[in-house]
Structure formats: C-alpha cells, structure tokens
Amino acid sequence: MRILLVEDEASLAKAVVEHLKSEQHMPDWFGTLEDAQSAVQTLHYDLVLLDLHLPDGDGLDLLRKLRARARYTSVIIMTARDKISDRILGLNLGADDYVIKPFDLHELSARIATVSRRQMDAASDTIRSGDLEFNLAKRSTLRNGEPVLLTATEWSLVECLLRRKGNVVSKAALEEAIYCFGKEVESNSIEAHVSRLRSKLGKDSIVTHRGLGYSLTR
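Residues numbered from 1 in each chain as written. Predicted model: local features only at pLDDT ≥ 70, side-chain atom pairs only at ≥ 80, totals over all residues. Heavy atoms only, no water.

A closer look at helix α2 (residues 33–42)
Those residues of α2 that fall on the buried side of the exposure criterion are Leu33, Ala36, Gln37, Ala39 and Val40. Axial view of α2: buried residues confined to an arc of 160°, hence all on one face. Opposite its buried face, α2 presents the exposed residues Glu34, Gln41 and Thr42, each directed more than 90 degrees away. Along its buried surface, α2 packs onto β1 (2–6), β2 (26–30), β4 (53–54), β5 (57–58) and α3 (59–67). (Buried < 20%, exposed > 50% of the residue type's maximum accessible area, 1.4 Å probe, protein only. Helix = DSSP H or I, 4+ residues; strand = E, 2+ residues; numbered from the N terminus. Arc of directions from axis to C-beta. Contact = heavy atoms within 4.5 Å.)

The following block contains the structure:
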C-alpha cells in the first residue's frame, strides 16, 4: 500500500516507516503540513497517517483538503489529542480511524488492515482471483494453496490491482504505487515487474490492455 506518513516527531516517524516497510508497504514521510500538501498534490496515496499538531499548522487542514477532492484517500489520525471532542471532530471531518499516542505498531497494522479491507469493500482479509488467494492482513499470496513469495514491490503492484479489481489500471497508477516520492521512474520497469509476477502467479494472472494498462484475471 502506498502510504503517506505526516509526523514531525522524528524518532516515532522512523519507527513507523521501518515497521511499514517490514510489512511491504511503500511509505513516504514528511514532517510539515506544507511538504505533505505538496506530496498529495503530486501523487495519489492509498492511506495517510496524519499527525494533527504539526510545526506549520493543523493536520485537520490537510484532511479537509483531501475530503474536498473527488478521489478518495483513507486517513488514519494518529495524535496525542485524546479528548472525545477532538476524536469526534476528526471523524466528522472524514477520518477513517483514530489512534492515540503512544500506540503499539502492531495495533497500527491492524487498523491499517481494517481500513484497507473497508476501502476494498471486502468482507474478509482474503481476496481470490482464479487459482490465487491474497491475504491483505498477512500480505501473503497462495497459488493453488501453495505459498508464493513476493517482493515488497511486487506486492505493491498486486495490491494496486486488487484495489481496482475488475478495472483496468494505468501504467502511471502502477508507477505511483511502487516509486517513493521524488524517485526517478525507470523506463519499462512496470513491464519488467509484471513479467516477473506472471512467472510467479501464472502467465494469465495479469491481463495486458494495450495502450490502457493492466488488470487481474477475474
């Protein structure tokens, strides 16, 4: 999952980033409201982990701007503000969830999985596509019941396709899913990753729609 972390406390942010990477997410981290706003204007994120008390403003301002856009981005507020009124305000403004600092990283993972499942309108963490089975919480893949080892980049591509299952996903959208903010996009990298995924998941697992993009086999 492509995740934007907006947090000015460096020690906490680094711990969260490392944890997210260990779970095969693709996180970008910014410590100011201004940088975070620039990031969301440049790229689409599946999820924003949003601190409220930032050096240059209130994180709720970013939440308001996200909710004013047509394209939906999930938001989990993570803050030390523990008043019920603060939580109600954040949720009423459109936050998907709210965690109070200090929090356990595994609790954060569980909340991310719950929000992700809700975003995909999935009843469970398991999504099936042909002979493939993907577990969103465990970030694991089975083919005909046998485990398939995917790299973090490969999982990010698969997850991007899962989020739009039944639709064609453009090459540009897939590039956004696997490249960190500011990193130069390599030529033909999507084609190379898709080729490797087909070797692991089956040659018919991903359909190429010439000139349009890719989709998972139904």
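With respect to the nonpolar core
Most often, soluble globular proteins keep nonpolar side chains buried together rather than apart. Of all hydrophobic cores here, the largest spans 26 residues; its most connected members are Leu162, Leu174 and Leu201. Elements that contribute at least two residues to this core include exactly β9 (132–135), α6 (152–163), α7 (171–178), α8 (189–201) and β13 (213–216). The next biggest cluster of nonpolar side chains, apart from the first, holds 21 residues, and it includes Leu4, Val6, Leu62 and Ile77. (Core = buried A, V, L, I, M, F, W, Y, C linked by side-chain atoms within 4.5 Å.)

So, the side chain of serine 116
Examined against the element boundaries, serine 116 turns out to sit in helix α5 (residues 105–119). According to the relative accessible area criterion, serine 116 is buried, its value standing at 4%.

Here's the deal with the packing of α6 against α8
For the pair α6 and α8, the least separation of the axes is 10 Å and the interaxial angle reads 90°. In terms of axis orientation, α6 runs roughly perpendicular to α8. Packed against α6, whose contacting residues are Thr153, Glu154, Leu157 and Val158, the element α8 presents Ile190, His193, Arg196, Leu197, Lys200 and Leu201 at the interface. Class assignment of the residues belonging to the contact of α6 with α8 gives a composition of 5 nonpolar, 2 polar and 3 charged. (Axes fitted to C-alpha atoms, helices over the stretch in contact; angles between N-to-C directions. Parallel < 35°, antiparallel > 145°, perpendicular 65-115°, else oblique. Nonpolar A, V, L, I, M, F, W, Y, C, P; charged D, E, K, R; others polar.)

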